[in-house]
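Chain residues, written in single-letter form:
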Amino acid sequence: MSQDAFEARKGIGLLGGTFDPIHQGHLALAASALEQLKLQQIDFLLAPRPWQKSVLTSVTDRARMIEQAIRGNPRLKLNLTEVFRPGLTYTIDTLKALREKLGGNPVPLVLLMGQDQWANLKTWKSWQALTDYANLAVFNRGKKRLSVPQEITSWAEGKTVPPDLITASPSGSVCFFQMAPHEANSSEIRKLLAEPASLQNAIKLESWLPHGVALYINTGFIAPSINFYGYQKASAHYRRRPR
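What counts and what doesn't
- Residues numbered from 1 in each chain as written.
- Predicted model: local features only at pLDDT ≥ 70, side-chain atom pairs only at ≥ 80, totals over all residues.
- Heavy atoms only, no water.
- Helix = DSSP H or I, 4+ residues; strand = E, 2+ residues; numbered from the N terminus.
- Contact = heavy atoms within 4.5 Å.
- Areas by Shrake-Rupley, 256 points an atom, 1.4 Å probe, with all protein chains shown as cover.
- Buried < 20%, exposed > 50% of the residue type's maximum accessible area, 1.4 Å probe, protein only.
- Pairing = 2+ DSSP bridges.
- Axes fitted to C-alpha atoms, helices over the stretch in contact; angles between N-to-C directions.
- Polar contact = N/O pair within 3.5 Å; in protein donor to acceptor, adjacent residues only side chain to side chain.
- Arc of directions from axis to C-beta.

1. Overview of the overall build of the protein chain
Next up, step 1: Helix and strand counts for the protein chain come out as ten helices and six strands.
Next up, step 2: Of the contacts formed within the protein chain by residues at least 6 apart in sequence, a portion of 76% connects residues at least 24 apart.
Next up, step 3: Of the roughly 12600 Å² of accessible surface on the protein chain, 53% is carried by carbon and sulfur atoms.

Pasting the structure below:
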């Protein structure tokens with residue numbers, strides 16, 4: 001990438017979630033958003049206790065796994081704003097806090113959300129005020145389209161811009177972009193880790209987990225009873241087999 005192309009990038013993408021654990025699908029989304037939305041960086045906004053989701057792994061372990069996953073990429077950052085705020089986690093409160101932290105700096109903030117979150121936006125606290133503090137970028141991982149309430153689509157009509165213009169203003173806009181489907185899923189990863197080791201599961205985990213995250217899980221910090229080493233041995237044996 002040329003220096004001019006890099007300098008043309010601006011704004012911070014905000015990718016929120018429990019990341020239990022972070023996986024290659026999250027990294028693929030970040031890479032797609034950086035490219036299509038012309039962002040300078042992506043912040044992984046770790047949610048310690050989101051009000052719409054249960055969490056199984058400690059926030060400390062999840063933060064350390066994010067650090068392992070993004071190590072070596074200066075455009076990916078760990079953001080602990082929600083971790084240090086007591087009580088339930090609401091996105092509107094996080095965006096207000098981030099704007100206050102920026103002071104008068106008109107840095108574009110771009111909140112990334114999936115199509116399922118977009119379809120359920122009316123359940124979010126003060127959802128119509130989100131664009132007072134940030135832009136919204138809605139991604140779709142495949143061809144499937146969800147039904148979106150008319151109130152949401154009408155609200156977004158006058159705010160919608162092309163993806164490459166989402167950072168033209170600090171807040172107030174909405175865009176939609178596509179990304180390639182990815183099989184990795186945090187719930188499925190936890191399920192595989194809880195099962196007896198097998199070659200099939202080992203191959204999936206090896207492709208779904210960033211290397212540093214797999215090593216961190218293998219230390220036993222997450223759950224000492226999980227035999228991730230068994231998956232690594234099975235996978236290594238598979239790679240050594242003659243083809």
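That shown, we press on.
2. Concerning the pairing of strand S4 (residues 109-114)
Next up, step 1: Counted residue by residue, S4 has six buried out of six residues, so it is predominantly covered.
Next up, step 2: Looking at chain direction, strand S1 (residues 12-17) and S4 are connected through four bridges and run parallel. Residue Leu-15 lies in a different strand from S4, and its bridge partner there is Leu-112.
Next up, step 3: Relative to strand S5 (residues 135-140), S4 is paired through five bridges, and the arrangement is parallel. Residue pairing for S5: Val-110 is matched across the bridge by Asn-135.

3. Things to note about the sheet that holds strand S3 (residues 76-79)
Next up, step 1: Spatial strand order, S3-S2-S1-S4-S5-S6: six strands in an open sheet with parallel pairing. Where the open sheet ends on each side, the last strands, each with one partner, are S3 and strand S6 (174-178). Recorded for the sheet is a direction-independent mean angle of 30° between the axes of neighbouring strands.
Next up, step 2: Judged from the six bridges that link them, S1 and strand S2 (residues 41-46) form a sheet pairing that is parallel. Pairing of Leu-15 across the sheet is with Phe-44, part of S2.

4. What to know about the environment of His-182
Next up, step 1: Among the structural elements, His-182 can be located in the loop between S6 and helix H7 (186-194).
Next up, step 2: The class of His-182 is partly exposed, set by a relative accessible area of 31%.
Next up, step 3: Remark: the alpha-carbon pair of His-182 and Gln-24, spanning 158 residues in sequence, is separated by 8.1 Å.
Next up, step 4: Engagement of the side chain of His-182 in a polar contact is seen with the backbone nitrogen of Ala-184, the distance being 3.1 Å.

5. Digging into helix H6 (residues 150-157)
Next up, step 1: Burial in H6 covers these residues: Ile-152, Trp-155 and Ala-156. Down the axis, H6 shows its buried residues gathered within 95° of arc, on one side only. Along H6, the residues that are exposed and aim more than 90 degrees away from the buried face are Gln-150 and Glu-157.
Next up, step 2: Buried residues along H6 sit against helix H5 (115-119), S5 and S6.

6. Some remarks on the environment of Arg-9
Next up, step 1: Tracing the backbone through its elements, the reader meets Arg-9 in the loop between helix H1 (3-7) and S1.
Next up, step 2: For the pair formed by Arg-9 and Leu-37, sequence separation is 28 residues and the distance between their alpha carbons is 8.5 Å.

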